[in-house]
Amino acid sequence: MAVRHVLGLSGGKDSTALAIFMKGKVESIEYVFCDTGSELPETYEYLDKLETFLGQKIARLNSGKPFEHLLEIYSNYLPSAQRRWCTTIMKLQPLEKFFGNDTVYSYIGIRADENREGYVSSKPNVIPVFPFKEAGLGIKDIQQILDKAGVGLPKYYEWRSRSGCYFCFFQQQQEWVGLLEHHPDLFAKAKKMEKILPDGRSYTWVRGRDLSFIEANKDQIILNAQKRLTEKLANKKPKTLFEQFAEKGAEDDGCLVCEL
Ligand code: SF4
């Protein structure tokens, strides 16, 4: 049976830094990205940049079906934190299929300063490896790795805290406003997928409110978010962007599986 080394990329900073960190350390390492087809344009751009740095292709996996088709199969039930069929169908199944039955060392970009495992396959032939944890590398080291390679941060970090689908329900309201401002076409697409039925049942991305509400209240949403941030940072030492993301990642559970 073949022995393979696979590094899953999420399009976020940690797995990208891990790909850079591992370059030249393991022979025949395979880089892989589970592409839902609904990623942000900035994510694709970031992966292209990484590919250039690595000098190696990143395998792009997918479910073979666009999200819109899957949504129809699921009777227009939008995925949510409680019904997260999107991750299973669009990310985990293609990845597990890619692992196959070979012995696979799966390299996972969880940092030494994080308290989570990331996605660990349940297949017995897949062995997780945590190089950052083993080397004791934290957020500042990740920053250095990305800067030194000239890869830096993905551009979506200017308005959104994590990678994933443009319509991801884990987004905070101010991030939806960010989507509206940076990608109005994608915001409009996400809005079209919402449904409010005559009997009052609603299928919306944000619990209890639809995207029209976000659109109509965008200025207030941004003001509220800024106020919360100011209150939080009061009496605290100013943080770098990386430190803010590290803190945020530890606070909310976000799309952890998708941040492979
Ligand atoms: S990024 Fe969000 S919407 Fe996309 S697969 Fe992950 S949980 Fe689902």
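Values in this document were obtained by computation on a predicted structure and should not be read as measured data.

1. Some thoughts on the overall build of the protein
(1) Moving on: A tally of regular secondary structure across the protein gives 11 helices and seven strands.
(2) Moving on: Taking 18 Å as the expected radius of gyration for a compact globule of 260 residues, we find that the protein reaches 19 Å, a close match to that expectation.
(3) Moving on: For the protein, restricting intrachain contacts to residue pairs at least 6 apart in sequence, the fraction spanning at least 24 positions comes to 65%.
(4) Moving on: Of the accessible surface of the protein, which amounts to about 13100 Å², a share of 52% is contributed by carbon and sulfur atoms.
(5) Moving on: Computed over 36 positive and 35 negative side-chain charges, the separation of the two mean positions in the protein equals 1 Å.

2. Here we look at the domain arrangement of the protein
(1) Moving on: Partitioning the protein into structural domains gives domain 1 (3-157) and domain 2 (173-251).
(2) Moving on: Averaged C-alpha coordinates put domain 1 and domain 2 at centres separated by 24 Å.
(3) Moving on: Each partner contributes to the interface: domain 1 provides 20 residues, whereas domain 2 provides 16 residues.
(4) Moving on: Regarding the contact of domain 1 and domain 2, the summed buried area is about 1600 Å², with carbon and sulfur atoms giving 72% of it.
(5) Moving on: On the surface where domain 1 and domain 2 come into contact, there are zero salt bridges.
(6) Moving on: Counting every contact that joins domain 1 to domain 2 gives one residue pair in polar contact (both at pLDDT 80 or more).
(7) Moving on: It is helix α6 (residues 139-149) that contributes the most residues to the side of domain 1 that touches domain 2, five residues altogether.
(8) Moving on: In terms of residue class, the side of domain 1 that touches domain 2 is made up of 12 nonpolar, three polar and five charged.

Procedures and definitions
Residues numbered from 1 in each chain as written. Predicted model: local features only at pLDDT ≥ 70, side-chain atom pairs only at ≥ 80, totals over all residues. Heavy atoms only, no water. Helix = DSSP H or I, 4+ residues; strand = E, 2+ residues; numbered from the N terminus. Rg over C-alpha atoms; globule rule 2.2 N^0.38 Å. Contact = heavy atoms within 4.5 Å. Areas by Shrake-Rupley, 256 points an atom, 1.4 Å probe, with all protein chains shown as cover. Lys, Arg positive; Asp, Glu negative; His and termini not counted. Charge placed at Lys NZ, Arg CZ, Asp CG, Glu CD. Domains from an automatic or database assignment. Buried area = accessible area lost by both parts, 1.4 Å probe. Salt bridge = Lys/Arg side-chain N within 4 Å of Asp/Glu carboxyl O. Polar contact = N/O pair within 3.5 Å; in protein donor to acceptor, adjacent residues only side chain to side chain. Nonpolar A, V, L, I, M, F, W, Y, C, P; charged D, E, K, R; others polar.

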